[in-house]
Amino acid sequence: MIRINEHYRKLQSSYLFAEIKQRVDEYQKANPQTRVIKLGIGDVTRGLPGACIQAMHTAVDEMAEDETFRGYGPEQGYEFLRQAIADNDFQARGADIKPDEIFISDGAKCDTANFQELLSGESRVALPDPVYPVYLDTNVMAGRTGPEKDGRYQGITYLESTRENGYIPDLPPEAVDVIYLCFPNNPTGATISRTGLQKWVDYARDNKALILFDAAYECFIRDDSLPHSIFELPGAREVAVEFRSFSKTAGFTGTRCAYTVVPKDCRAWTADGDTVSLHDLWFRRQSTKFNGVSYPIQRAAEAVYSPEGQVQVRKLTDFYLTNAGMIRQAMTDLSFECVGGENSPYIWIYGGRSSREIFDMLLNQAGVVCTPGVGFGRCGENFIRISAFNSRENVEEALERIQKALA
Ligand code: MLT
């Protein structure tokens, strides 16, 4: 008799954004006359930068000729893209990351989901609350938790991000082995200082732990004092892996390209106490389970780093940051307490009542979709997240509708 992985039964019945989509679809069916404005999932709306499109076209043409055609690419991704990433995203910021420490992939979601596979089932996991649900769900699937009770899974150390601690969690009260961090944060939009992040690096070094650092939103940082990469901090190479994405940087949510940095000296241990290179294990995993991102897409991603690409990408992210500033201002004017929206495309709003109630109210009375904070964890109760990814016209209209609905 074929049996299922029982750990899947501990999961909530659907993934957060799938559940929201279903509720919005139901609403739309019942209210076909309403033009729903979606500020829920962080999905970009603007066209790809011209430099990326041009590079993609050229690469597609190359694929048409036998002389320039490419079949399977190198396991870690093409050298031209890894070199551009190492130079621009790391070496230029004083972070010593080499091209062969970079693994090109089709998404930070899959990489943050898959990386835990390399780690022992007994690893003690700490993750933020509220949290991007992928980190938690994949650890539940892997059997690292007990059942869920009152919004918490047994066996997980929750790092609470609250109004009281300014949405920057304290170090875990007990020893843990794996720590998930995300800055600028999804969902709160909070950022971390160099000193704040250094504490986590030091903790990981002292406790032989590993930090899985999600930096998918680093392109929205405008405050020069903030770190863009954990590898800007001394000592991080041995204890951290970093996930990056072109999704929000350059509008690749539908195009798919991302990368993961696993430094060669990043280590973990065997049951016998021998040191193992996580770089080698990730290479082993990727070369067995993944066949790379297509050549035209990697060429498009490379174009992000061309002089014109850099200007276009900056314009793109500035556009969403202007939306974010407008949302934060409008919600603050309505007397809501807000965080994020400054070095982040997400605004985390304290609503003072059940987040599902606010979600329903905004949907039913304003035709605007947000994300209920509780979907990201217990500490998200009474909050909503509004995303800045939409056209200027839609953001303006959404804010007008919210103002009217709340008046
Ligand atoms: C979000 O809305 O949290 C993100 O779009 C999810 C993702 O990037 O997978």
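Since we're looking at a predicted model, the values are computed, not measured.

Brief notes about the site of the ligand
Okay, step 1: If you check the shell around the ligand, you find Phe17, Ile41, Gly42, Tyr132, Asn186, Tyr217, Lys248, Tyr346 and Arg385 and nothing else.
Okay, step 2: Between the ligand and asparagine 186 there is a distance of 2.8 Å, counted from an oxygen atom to a side-chain nitrogen or oxygen.
Okay, step 3: One of the side-chain nitrogen or oxygen atoms of lysine 248 is found 3.0 Å away from an oxygen atom of the ligand.
Okay, step 4: Within the complex, the protein chains bury 85% of what would otherwise be the 270 Å² of accessible surface of the ligand.
Okay, step 5: Considered class by class, the residues forming the shell around the ligand number 5 nonpolar, 2 polar and 2 charged.
Okay, step 6: Composition of the shell around the ligand by domain shows at least three residues from each of domain 1 (6-47 + 308-406) and domain 2 (52-306).

What about the domain arrangement of the protein?
Okay, step 1: Assigned domains within the protein: domain 1 (6-47 + 308-406) and domain 2 (52-306).
Okay, step 2: If you average the C-alpha positions of domain 1 and of domain 2, the two centres end up 24 Å apart.
Okay, step 3: Between domain 1 and domain 2, the residue contacts involve 39 residues of the former and 49 residues of the latter.
Okay, step 4: Summed over both sides, the interface of domain 1 with domain 2 buries roughly 3600 Å², with 58% coming from carbon and sulfur.
Okay, step 5: Taken as a group, Lys10, Asn343 and Arg378 account for 18% of the area that domain 1 buries against domain 2, more than any other trio of residues on that side.
Okay, step 6: If you look at where domain 1 meets domain 2, you find 2 salt bridges.
Okay, step 7: Among the salt bridges present, the one from glutamate 337 reaches arginine 163, with a minimum N-O distance of 2.7 Å.
Okay, step 8: Taken together, the links from domain 1 to domain 2 amount to 19 residue pairs in polar contact (both at pLDDT 80 or more).
Okay, step 9: Ranked by residues supplied to the side of domain 1 that touches domain 2, first place goes to helix H10 (residues 307-333) with 10 residues.

Here we look at the packing of aromatic side chains
Okay, step 1: Per the counting criterion, the structure on display carries 22 aromatic pairs.
Okay, step 2: Both rings, one in tyrosine 78 and one in tyrosine 295, keep their centres 5.4 Å apart while their planes meet at 70 degrees; by these two values the pair is edge-to-face. In this pair, tyrosine 78 sits in the loop between helix H2 (50-63) and helix H3 (79-90) while tyrosine 295 sits in helix H9 (residues 295-302), placing the two residues 217 residues apart along the sequence. Just as tyrosine 78 is buried, tyrosine 295 falls in that class too.
Okay, step 3: Ring pairs connect the aromatic residues Tyr15, Phe17, Tyr167, Trp348, Tyr350, Phe376 and Phe383, which therefore count as one cluster.
Okay, step 4: Looking at arginine 163, its charged tip hangs above the ring of tyrosine 350, at a distance of 3.8 Å from the centre.

Structural notes on a negative patch on the surface
Okay, step 1: On the surface, Asp61, Glu65, Asp66 and Glu67 cluster together into a patch of negative charge.
Okay, step 2: With respect to the helices and strands, the residue aspartate 66 is situated in the loop between H2 and H3.
Okay, step 3: For aspartate 66, a relative accessible area of 71% puts it in the exposed group.

Thoughts on the sheet that holds strand E10 (residues 258-261)
The strands making up a sheet associate through hydrogen bonds between their backbones, and the pairing can be parallel or antiparallel.
Okay, step 1: If you walk across this open sheet you meet the 7 strands as E2-E10-E9-E8-E7-E3-E6, and the pairing is mixed. Across the chains shown, the open sheet's two edge strands, defined by having one partner strand only, are strand E2 (102-105) and strand E6 (156-160). Direction aside, neighbouring strands of the sheet carry axes that sit 20 degrees apart on average.
Okay, step 2: Inspection of the sheet shows E2 paired to E10 by 4 bridges, in the antiparallel sense. Its bridge partner lying in E10, phenylalanine 103 is registered against threonine 260.
Okay, step 3: Its contacts with the sheet put H3 on E2, strand E9 (240-245) and E10, and the angle it makes with E2 is roughly 115 degrees.

As for the side chain of aspartate 137
Okay, step 1: With respect to the element layout, aspartate 137 can be found in helix H5 (residues 133-141).
Okay, step 2: Of the side chains with opposite charge, lysine 109 comes closest to the buried, unpaired aspartate 137, at an N-O distance of 8.6 Å.
Okay, step 3: Not counting residues within four places of it along the chain, the set of residues in contact with aspartate 137 comprises Leu11 and Tyr15.

Digging into the nonpolar core
Okay, step 1: Counting residues in hydrophobic clusters, the biggest one holds 51 residues, and the most contacted among them are Ile179, Ile211 and Phe246.
Okay, step 2: Within the residue set of this core, elements represented by two or more residues are H2, H3, E2, strand E7 (178-182), helix H6 (194-207), strand E8 (210-214), E10 and H9.
Okay, step 3: If one sorts the elements of this core by residue count, H3 sits on top with 6 residues.
Okay, step 4: When neighbours within four sequence positions are excluded, isoleucine 211 is seen to be in contact with Ile179, Leu181, Trp200, Val201, Ala204, Ile230, Val239, Ala240 and Val241.
Okay, step 5: Membership of the second largest hydrophobic core comes to 38 residues, among which are Ile37, Val339, Ile384 and Ala388.

About the criteria used
- Residues numbered from 1 in each chain as written.
- Predicted model: local features only at pLDDT ≥ 70, side-chain atom pairs only at ≥ 80, totals over all residues.
- Heavy atoms only, no water.
- Near = heavy atom within 4 Å.
- Polar contact = N/O pair within 3.5 Å; in protein donor to acceptor, adjacent residues only side chain to side chain.
- Areas by Shrake-Rupley, 256 points an atom, 1.4 Å probe, with all protein chains shown as cover.
- Nonpolar A, V, L, I, M, F, W, Y, C, P; charged D, E, K, R; others polar.
- Domains from an automatic or database assignment.
- Contact = heavy atoms within 4.5 Å.
- Buried area = accessible area lost by both parts, 1.4 Å probe.
- Salt bridge = Lys/Arg side-chain N within 4 Å of Asp/Glu carboxyl O.
- Helix = DSSP H or I, 4+ residues; strand = E, 2+ residues; numbered from the N terminus.
- Phe/Tyr/Trp six-rings, centres within 6.5 Å; stacked < 30°, edge-to-face > 60°.
- Buried < 20%, exposed > 50% of the residue type's maximum accessible area, 1.4 Å probe, protein only.
- Lys NZ or Arg CZ within 6 Å of the ring centre and 35° of its normal.
- Patch = residues over 30% accessible without salt bridge, like charges linked within 9 Å, V, L, I, M, F, W, Y side chains within 5 Å.
- Lys, Arg positive; Asp, Glu negative; His and termini not counted.
- Charge placed at Lys NZ, Arg CZ, Asp CG, Glu CD.
- Pairing = 2+ DSSP bridges.
- Axes fitted to C-alpha atoms, helices over the stretch in contact; angles between N-to-C directions.
- Core = buried A, V, L, I, M, F, W, Y, C linked by side-chain atoms within 4.5 Å.

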